[in-house]
Amino acid sequence: RNQTILHARQRSIMNAFIAAFTGYTERDKVSDFVESAKAVSNPEDEILILYNGYRSDIHDYLDEQGVEYVQMPAKSFNPFLSRFCWFAEIIQSRGYHKVLLADIRDVVFQSNPFEMMKDYNLILCDEGFPHEQDEWNSWQMQAAYPEYWEKIKTKNVMNVGVIGGKGKSVAK
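In this report, the structure presented in the accompanying data block is examined. (Residues numbered from 1 in each chain as written. Predicted model: local features only at pLDDT ≥ 70, side-chain atom pairs only at ≥ 80, totals over all residues. Heavy atoms only, no water.)

Description of the packing of aromatic side chains
Move 1: Evaluated as defined, the whole model comprises eight aromatic pairs.
Move 2: With a centroid separation of 4.9 Å and 75° between ring planes, the pair formed by Phe17 and Phe114 is classed as edge-to-face. Remark: Phe114 occurs in the loop between strand E4 (98–102) and strand E5 (122–130) and Phe17 occurs in strand E1 (residues 15–22); sequence separation between them is 97 residues.
Move 3: On the accessibility criterion, Phe17 (0% relative accessible area) is buried.
Move 4: The buried category is assigned to Phe114, whose relative accessible area is 7%.
Move 5: One aromatic cluster is present, built from ring pairs that chain together Phe17, Phe33, Phe109 and Phe114. (Phe/Tyr/Trp six-rings, centres within 6.5 Å; stacked < 30°, edge-to-face > 60°. Helix = DSSP H or I, 4+ residues; strand = E, 2+ residues; numbered from the N terminus. Buried < 20%, exposed > 50% of the residue type's maximum accessible area, 1.4 Å probe, protein only.)

Given below as structure tokens:
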């Protein structure tokens, strides 16, 4: 089931639930996300887990659940930030119509999110304060994307725990 980004298979899949992890080894870190996504997904939806690190009990669990996972290379000094590059790469390589990116440990689904996304290019949650007013977000932005700091510092922080919309818009 483990695939590489360079060998994406031909598919008729239009939508994907995508999450990522680095450093987790126990299945309880991913099981709520996987099982709730499986419970609400349509047959043409895909559940895809991106990761960096070594094989663990999580991979055995994903195999048991029939969920695809892809090992990705580190892209940043911070594993939290690498996932955004991974998301963009995988969405662009596979051409998903709609995607839902979510934190793997603390997001569960009560219904299929793609049904309510039909009219939206991008769905984000505003944290309600600009980057420059929060020490942690300010540091993260400057460390990861220093070239964008001046442009972004007065813009509000978006919660990256759940991002959805059209694949091309989300990847961008």
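Concerning the nonpolar core
General note: in soluble globular proteins, nonpolar side chains tend to be found buried as a group.
Move 1: Among the nonpolar cores identified, the biggest contains 23 residues, and Phe17, Phe33, Ile49, Leu62 and Phe109 are the most heavily contacted of them.
Move 2: Top contributing element to this core by residue count: helix H1 (residues 31–40), with four residues.
Move 3: If near-sequence neighbours (up to four positions away) are discounted, Ile49 is found in contact with Ala19, Phe21, Phe33, Val34, Leu62, Val67, Glu68, Tyr69, Val70 and Ile104. (Core = buried A, V, L, I, M, F, W, Y, C linked by side-chain atoms within 4.5 Å. Contact = heavy atoms within 4.5 Å.)

Details of a negative patch on the surface
Move 1: Taken together, the side chains of Glu26, Asp28, Asp32 and Glu35 present a region of like negative charge at the surface.
Move 2: Within the secondary structure layout, Glu26 lies in the loop between E1 and H1.
Move 3: Judged by its relative accessible area of 44%, Glu26 is partly exposed. (Patch = residues over 30% accessible without salt bridge, like charges linked within 9 Å, V, L, I, M, F, W, Y side chains within 5 Å. Areas by Shrake-Rupley, 256 points an atom, 1.4 Å probe, with all protein chains shown as cover. Salt bridge = Lys/Arg side-chain N within 4 Å of Asp/Glu carboxyl O. Lys, Arg positive; Asp, Glu negative; His and termini not counted. Charge placed at Lys NZ, Arg CZ, Asp CG, Glu CD.)

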